[in-house]
Amino acid sequence: MPVVFKRCIKKDPFGLTKKYMTKIIYPGLLLLGVLFGSCKNEELNVGGYLVDPRTKVVLVDTLTVKLSNIAVDSVISSSTGVSFAGYYNDSEIGKLTAQSYFGFGRTSDTEVDRYAQYDSATLILTPNGNYYGDTLKRTSFKIFRLVKPIELRDDGRLYSTSTVSVGEELLDTAFRMRLWTKEKVELTLPRSLGEELFNGIKYNEDAYNADHFSKTFPGLSLAPGT
């Protein structure tokens, strides 16, 4: 028998042959791709990777700082009601030493009773509750006699660089600093000094009157001990 061959054409799901798909479908898809590609894209950011969106703009200006120099001799150290004396060794700023000077004067020339007799001379220190350092340690103070009257500057004050000459050491005593915060401290001065002042006021009116008293007896100095 003669054999007859038939040509079979496989159809796609849409019923189109490969020939027609090539001529119609592919150009259409290409056209759609061009159309979609030409649409506006809001997210497109050319060169965005070169800029850090977290970058902050800082305005820098030129500032001028005004400084004031405080000279050592500009620190006022005088007072009419409060004195400060002591010694303290600070680990940061080193050794601190404070010394006070007392000037005395007579307010009047009242005569001493001729039957009066000398008893004692006492320097009474009344604390105001202010202190620096350890109050549990024993504190030593020395009392000196001044050589000449305290000389104030033209403005009537003493400064941290002011110096006052001291002479004889009259007393060296030690006590607990806690006394300063509770009660007054009474320091008994040498009998020789007390008798000198008593007899001078009683018998030597010229040298110990109100006008000359500060020159005859310039005063005392309260200084820290060991």
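An account of the accompanying structure is given in this report. Just so it is clear, the model here is predicted, and its values are computed rather than measured.

### Some remarks on the nonpolar core
Core analysis: the biggest nonpolar cluster contains 22 residues, and Leu125, Ile143, Leu187, Leu189, Leu193, Leu220 and Leu222 have the highest contact counts within it. When contributions to this core are tallied by element, the ones reaching two or more residues are β4 (122-125), β5 (138-146), β6 (166-176), β7 (185-188), α2 (191-203) and β8 (219-224). Aside from chain neighbours lying at most four places away, what touches Ile143 is Leu123, Glu168, Glu169, Leu170, Leu171, Leu187, Leu189, Leu220, Ser221 and Leu222.

### So, the environment of Pro224
For Pro224, the location among the structural elements is in strand β8. For Pro224, a relative accessible area of 17% translates into the label buried. In this structure the C-alpha to C-alpha distance between Pro224 and Ser140, which are 84 residues apart in sequence, comes to 6.1 Å. In contact with Pro224, not counting residues within four places along its chain, are Gly86, Tyr87, Thr97, Ala98, Ser140 and Phe141.

### Focus: the pattern of salt bridges
This model, assessed by the stated rule, comprises two salt bridges. For Arg145, the salt bridge goes to Glu196, with nearest N and O atoms at 2.6 Å. Separated by 51 residues along the polypeptide, Arg145 in strand β5 and Glu196 in helix α2 bring together distant segments of the chain. For Arg145, a relative accessible area of 15% translates into the label buried. Across the salt bridge formed by Glu195 and Arg191, the nearest N and O atoms sit 2.9 Å from each other. Within this pair, Glu195 and its partner Arg191 are both found in helix α2, separated by four residues, close to a single helical turn. A relative accessible area of 30% places Glu195 in the partly exposed class.

Here is what the cut-offs are and how they apply
Residues numbered from 1 in each chain as written. Predicted model: local features only at pLDDT ≥ 70, side-chain atom pairs only at ≥ 80, totals over all residues. Heavy atoms only, no water. Core = buried A, V, L, I, M, F, W, Y, C linked by side-chain atoms within 4.5 Å. Buried < 20%, exposed > 50% of the residue type's maximum accessible area, 1.4 Å probe, protein only. Helix = DSSP H or I, 4+ residues; strand = E, 2+ residues; numbered from the N terminus. Contact = heavy atoms within 4.5 Å. Salt bridge = Lys/Arg side-chain N within 4 Å of Asp/Glu carboxyl O.

That's the geometry; what it means functionally is another story.
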